[in-house]
Amino acid sequence: MQYRTLGRTGVQVSTLALGAMNFGDLGRTTQDEVSAMVDAALAAGINLIDTADMYSQGGSEEMVGKAIAGRRDDIVLATKAGMPMGDERNHQGGSRRWLVTALDDSLRRLGVDHIDLYQIHRWDPRTSDQETLSALTDLQRAGKIRYFGSSTFPAYRLVQAEWAARENHLSRYVTEQPSYSILQRGIETHVLPVTEQYGLGVLAWSPLASGWLSGAIRAGREITTSRSTFMPQRFDTTIPANRARLEAVEQLARVADEAGLTMIQLALGFVTAHAAVTSAIIGPRTMDHLRSQLAAADTVLSGDVLDAIDAIVAPGVDLAAHEKFDTPPALLDPSLRRR
């Protein structure tokens, strides 16, 4: 396992992080399965675990908490808040009112007295940067969180938050968690230059592109991945964007074969090769998934392989731009761009 410094914090984290989105109802995992995966990940050298309150509506945090009991101090523990937790309209977002409550709930579910990295799951357009950063700064000063970061923020929102922290003498985000893979490279154009400018650590989620880069999806095969059962449109090859992904996957598979790599090694090696990226978040659902992903822990791609990837999916290009989660609201809602 390799290690890198998390932004400018001085904290050393593994280049592969264990993501817990599949722990609980979504991945249909039991506590024994989760504990076994956490044990195996830690034994392999992973020291960063990332979860969120909304994963299985708190179930993931509870499972992670039980799995790490007795070894909390050896783990860099990250969770997130801001996505809806139930039907109550104020149980979401970046307001002080909600973040104070959400953090206490996360601490209780995880069975810990502090979070190492507390992240705002999505930018909340209804809440000012000052409101959110002020609340996070106070929670940090109270010792309940060590650092805080953002997740899937547009580049301009990262800049705005940086300026809000400076102008109001507040603590700042130290990390950003964007979606990044060979098939979704748009953040190379805008987000990654900003994170490098401001010294933010980058924890990349979905480095296997929802399974497209796992090796399980190939031309001529029926797509039967777990993700395809509840997100069928993302894998419907009659849709042009998905056909483009499948064509890219076939070309990438040849590159991997010629380099003596699995598709997973190619995909994770690509993400961690970028100078701005601190860690790639893997999200196994089974022990077999975890083992295949841990096999990429020491993968370093050659310049020739990286050039071959660039020739298939150009730098800065998203093959499925409609799936991005950092699109400005006015592009999605006509009422926000029309008088």
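Computed from a predicted structure; not experimentally measured.

Conventions and cut-offs
- Residues numbered from 1 in each chain as written.
- Predicted model: local features only at pLDDT ≥ 70, side-chain atom pairs only at ≥ 80, totals over all residues.
- Heavy atoms only, no water.
- Core = buried A, V, L, I, M, F, W, Y, C linked by side-chain atoms within 4.5 Å.
- Buried < 20%, exposed > 50% of the residue type's maximum accessible area, 1.4 Å probe, protein only.
- Contact = heavy atoms within 4.5 Å.
- Helix = DSSP H or I, 4+ residues; strand = E, 2+ residues; numbered from the N terminus.
- Pairing = 2+ DSSP bridges.
- Right-handed = clockwise from strand over helix to strand, strands pointing away.
- Axes fitted to C-alpha atoms, helices over the stretch in contact; angles between N-to-C directions.
- Phe/Tyr/Trp six-rings, centres within 6.5 Å; stacked < 30°, edge-to-face > 60°.
- Lys NZ or Arg CZ within 6 Å of the ring centre and 35° of its normal.
- 1 Å grid on protein atoms, 1.4 Å probe; cavity = no way out; pocket = protein on both sides within 12 Å on 5 of 7 lines; lining within 4 Å.
- Points joined across faces, edges and corners; volume = space filled by probe spheres on them.
- Nonpolar A, V, L, I, M, F, W, Y, C, P; charged D, E, K, R; others polar.
- Parallel < 35°, antiparallel > 145°, perpendicular 65-115°, else oblique.
- Left-handed = near helix turned anticlockwise from the far one by under 90°.

**Student:** So what's going on with the nonpolar core? Residues and values would help.
**Tutor:** Core analysis: the largest hydrophobic core is formed by 87 residues, its most contacted members being F23, I115, L183, L213 and L266. For I115, the contacting residues outside a window of four places in its chain are R72, L77, A78, T79, L103, L107, L110, K144, I145 and R146. Counting ten residues, the second-largest nonpolar core is a separate cluster that includes L6, A17, V76 and L117.

**Student:** Before we move on, can you summarise the pairing of strand 3 (residues 16-19) with the specific residues and values?
**Tutor:** Regular strands place their side chains on alternate faces of the sheet. With burial as the criterion, each face of strand 3 is covered, one bearing L16 and L18 and the other bearing A17 and G19. Bridge count between strand 3 and strand 10 (residues 279-282): three bridges; the pairing is parallel. Bridge pairing in strand 10 places L16 opposite A280. Note: strand 3 against strand 4 (residues 48-50), two bridges, orientation parallel. Following the sheet pairing, L18 is matched in strand 4 by I49. The handedness of the strand 3 to strand 4 crossover, carried by helix 1 (residues 31-43), is right-handed.

**Student:** Describe the sheet that holds strand 10, and please don't skip the residues or the numbers.
**Tutor:** The strand order 3-4-5-6-7-8-9-10 describes a closed barrel built from eight strands, whose pairing is parallel. Neighbour to neighbour, the strand axes of the sheet diverge by 30° on average, direction disregarded. Two strands pair when backbone bridges link them, and strand 9 (residues 201-204) and strand 10 are joined in this way by two bridges, in the parallel orientation. Paired with A204 across the strands is A280, a residue of strand 10.

**Student:** Could you give an account of the pairing of strand 9, with specific residues and numbers?
**Tutor:** Side chains G201 and L203 project from strand 9 onto one buried face, and the interleaved V202 and A204 project onto a second face that is buried too. Bridge count between strand 8 (residues 175-177) and strand 9: two bridges; the pairing is parallel. Its bridge partner lying in strand 9, T175 is registered against G201. On the question of chirality, the crossover connecting strand 8 to the parallel strand 9 by way of helix 6 (residues 191-198) is right-handed.

**Student:** Tell me about the packing of aromatic side chains, and name the residues and values.
**Tutor:** One pass over the full model with this rule turns up five aromatic pairs. Judged by centre distance (6.2 Å) and plane angle (75°), the rings of W123 and Y156 are edge-to-face. Of this pair, W123 sits in the loop between strand 6 (115-120) and helix 4 (129-141) while Y156 sits in helix 5 (residues 155-167), placing them 33 residues apart in sequence. Since its relative accessible area comes to 37%, Y156 is described here as partly exposed. Pairing F148 with Y173 gives two aromatic rings, centres 5.8 Å apart and planes at 90°, and the pair type is edge-to-face. You can see F148 sitting in strand 7 (residues 145-151) and its partner Y173 sitting in the loop between helix 5 and strand 8, a full 25 residues away along the chain. Each member of the pair, F148 as well as Y173, is classed as buried. In textbook terms, an aromatic cluster arises when at least three aromatic residues are bridged by ring pairs, as seen for F148, F153 and Y173. Of note, R166 hangs over the ring of W163, and the distance from its end group to the ring centre comes to 5.4 Å.

**Student:** Give a description of the layout of surface pockets that names residues and reports values.
**Tutor:** When its volume is computed, the largest pocket comes out at roughly 1,200 Å³. Forming the boundary of the largest pocket are 49 residues, of which M21, N22, S206, S210 and R227 lie nearest the centre. Class assignment for the residues of the lining of the largest pocket results in 20 nonpolar, 19 polar and ten charged. Here the second largest pocket is characterised by a volume of approximately 420 Å³.

**Student:** Please give an account of the packing of helix 8 (residues 240-259) against helix 11 (residues 303-312) that cites residues and values.
**Tutor:** In contact at an axis separation of 10 Å, helix 8 and helix 11 are set at 170° when each is read in the N-to-C sense. The angle between the axes of helix 8 and helix 11 places the two elements in the roughly antiparallel class. For the pair formed by helix 8 and helix 11, the contact residues are A248, Q251, L252, V255 and A259 on the first element and V305, A308, I309 and I312 on the second.

**Student:** Tell me what's going on with the packing of helix 3 (residues 96-110) against helix 4, and back it up with residues and numbers.
**Tutor:** Running from N to C, helix 3 and helix 4 cross one another at 35°; their axes reach a closest spacing of 9 Å. As helix 3 runs across helix 4, the sense of the crossing is right-handed. Note on element contacts: helix 4 touches helix 3 through E131, T132, S134, A135, L136, D138 and L139, opposite R96, L99, V100 and L103. Residue composition of the contact of helix 3 with helix 4, by class: six nonpolar, two polar and three charged.

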